[in-house]
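Chains, contacts and geometry: an overview
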Amino acid sequence: MKPNKKQLVIDSAVLLFNGKGFDRTSVRDIASHAGVNVALISYYFGGKKSLLEHLMTSFYEGYTEGIAACLEQLHERSAKDVLLEMIRFALDYQQDHLDLARCVHREVTFDSTLVREVMTTYLMKEKYCYEQVFSAGFKQKEFRRRPVDLLVLQLRELLLMPYLHPQYIREVYHLMPQEAYFKKRYAHYLRMWVDTAVCHPNPPQLKKAQA
């Protein structure tokens, strides 16, 4: 089976954007690496900027849909269980899109019209989902009351860190963030973070059980 040329362009763009940066990567670079005619990039995407937009929106579309699907379980599960499910999904999703995750997360650190649109469309939705699960935990007295904005910021940075800084993790700590073992170990750490930094030490159901 011949490789899908559109996917070859996408994979090459992600690889080159990660290695050289968006600005220093040309359309010809992408076409050459993908082994396709340069005109195909305009045909499929309309140009380099539109290609980047496709990468970012496709990544965040799947990501925010998954987070929102976890949130829908709040009416039948505890806030802690839903939060842990969100964490599991976020790690799995990024692990399944390692190179794309790094590319997208790094691009969001730059100011551009595209990034502002992504923030308005997708990252505000992400923020809403995390705020809702924390607020439910406060209401149910499962979670300690903390500034919800800082909780969301901290959670988000914890979730993104291995996929935004894989080279740092590999070179400085000699760990392999792309390996399943690392994700399993890191997921266990995040569960401990939820237990110690987020959850109430003696939630109502435990008090009742002790009575």
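Up top is the structure.
Residues numbered from 1 in each chain as written. Predicted model: local features only at pLDDT ≥ 70, side-chain atom pairs only at ≥ 80, totals over all residues. Heavy atoms only, no water.

This part is about a nonpolar patch on the surface. The grouping of Tyr168, Val172 and Tyr173 at the surface amounts to a nonpolar patch, some 340 Å² of accessible area in total. By secondary structure assignment, the location of Tyr173 is in helix H9 (residues 166-173). (Patch = residues over 30% accessible without salt bridge, like charges linked within 9 Å, V, L, I, M, F, W, Y side chains within 5 Å. Areas by Shrake-Rupley, 256 points an atom, 1.4 Å probe, with all protein chains shown as cover. Salt bridge = Lys/Arg side-chain N within 4 Å of Asp/Glu carboxyl O. Helix = DSSP H or I, 4+ residues; strand = E, 2+ residues; numbered from the N terminus.)

Our next topic: the pattern of salt bridges. Within the structure shown, the criterion is met by eight salt bridges. The partner of Glu126 in a salt bridge is Arg156, with the nearest N and O atoms 2.6 Å apart. In this pair, Glu126 is assigned in helix H7 (residues 113-139) and Arg156 in helix H8 (residues 148-164), connecting sequence segments 30 residues apart. Glu131 is paired through a salt bridge with Lys127; the nearest N and O atoms lie 3.0 Å apart. Linking Glu131 with Lys127, this pair stays in helix H7, spanning four residues, or about one helical turn. Connected through salt bridges with shared partners, the residues Glu85, Arg88, Asp92 and Lys183 form a single ionic network.

This brings us to unusual backbone geometry. With phi around 60 degrees, Lys141 is a residue other than glycine that occupies positive phi space. Along the chain, Lys141 turns up in the loop between H7 and H8. For Lys141, a relative accessible area of 53% translates into the label exposed. A positive phi is found at His174, a non-glycine position, where the angle reads about 55 degrees. Among the secondary structure elements, His174 is positioned in the loop between H9 and helix H10 (180-198). Residue His174 is classed as exposed on the basis of its relative accessible area of 63%. (Buried < 20%, exposed > 50% of the residue type's maximum accessible area, 1.4 Å probe, protein only.)

Functional significance is not addressed by these values, which are geometric in nature.
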